[in-house]
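One letter stands for each residue in the lines below.
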Amino acid sequence: MGLLIYGPMSAEIELDDRLLAHLRLVILTKMRNHEAFSLSWTLEPGQGSGRETLWVHPSIPLRFRFYGSRHAAINRAWIEQMVQAANRGDLRIMPEPLPDGES
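Structure report, in brief. Not measured: the values here are computed from a predicted model.

Overview of the overall build of the protein
And step 1. What the protein contains, in helices and strands, is two helices and six strands.
And step 2. Along the protein, from the amino end to the carboxyl end, the secondary structure elements read β-β-α-β-β-β-α-β.
And step 3. Burial analysis of the protein (103 residues in total) assigns 37% to the buried set.
And step 4. For the protein, the computed accessible surface area is about 6,700 Å², with 51% contributed by carbon and sulfur atoms.
And step 5. Charge centroids of the protein, computed over 11 positive and 12 negative side chains, lie 5 Å from each other.

Right, dumping it as structure tokens:
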């Protein structure tokens with residue numbers, strides 16, 4: 001598990017390292033282009049269920065903390081799905097699809 005640490009209050013959102021690695025690529029690409037967007041996810045029942053959304057803006061402090069030492073292999077299909085969602089204005093945490101070419 002890793003952490004997405006966001007905002008001046010350093011809110012910590014715990015995420016799987018693999019998911020965090022993919023989100024990092026998408027978020028940093030959007031920020032590099034000075035694009036703001038929302039990031040949304042569903043809360044687990046242990047967290048009270050429901051949904052949560054952040055407004056991601058290049059001027060707001062952001063940090064990624066990975067607990068694992070290995071870099072995740074990147075699933076291009078997952079990146080593409082996330083980029084498309086972010087380009088529509090709402091990057092959603094979604095399940096990982098099978099990599100391109102796999103059934």
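Here the narrative resumes, following the displayed structure.
Points about the pattern of salt bridges
And step 1. Throughout the structure, instances matching the rule amount to three salt bridges.
And step 2. The salt bridge involving Glu96 is made with Arg18; its shortest N-O contact spans 2.7 Å. Residue Glu96 is found in the segment after β6 (90-92), and its partner Arg18 is found in helix α1 (residues 17-32); the two are separated by 78 residues along the sequence.
And step 3. For Glu96, a relative accessible area of 34% gives the class partly exposed.
And step 4. With a shortest N-O distance of 2.4 Å, Glu35 and Lys30 are connected by a salt bridge.
And step 5. Judged by its relative accessible area of 29%, Glu35 is partly exposed.

As for the sheet that holds strand β2 (residues 11-15)
And step 1. Strands sit in the order β2-β1-β5 across an open sheet of three strands; the sheet is antiparallel. Looking at strand neighbours, the two that pair on one side only are β2 and β5 (62-65), the edges of this open sheet. Each adjacent strand pair in this sheet contributes to an overall mean axis angle of 20°, direction not counted.
And step 2. Note that strand β1 (residues 2-6) and β5 share four bridges and pair antiparallel. By the bridge assignment, Leu4 is partnered in β5 with Phe64.
And step 3. Lying on the sheet, α1 is in contact with β1, β2 and β5; it crosses β5 at an angle near 155°.

What counts and how
- Residues numbered from 1 in each chain as written.
- Predicted model: local features only at pLDDT ≥ 70, side-chain atom pairs only at ≥ 80, totals over all residues.
- Heavy atoms only, no water.
- Helix = DSSP H or I, 4+ residues; strand = E, 2+ residues; numbered from the N terminus.
- Buried < 20%, exposed > 50% of the residue type's maximum accessible area, 1.4 Å probe, protein only.
- Areas by Shrake-Rupley, 256 points an atom, 1.4 Å probe, with all protein chains shown as cover.
- Lys, Arg positive; Asp, Glu negative; His and termini not counted.
- Charge placed at Lys NZ, Arg CZ, Asp CG, Glu CD.
- Salt bridge = Lys/Arg side-chain N within 4 Å of Asp/Glu carboxyl O.
- Pairing = 2+ DSSP bridges.
- Axes fitted to C-alpha atoms, helices over the stretch in contact; angles between N-to-C directions.
- Contact = heavy atoms within 4.5 Å.

Keep in mind these numbers describe shape, not what the thing actually does.
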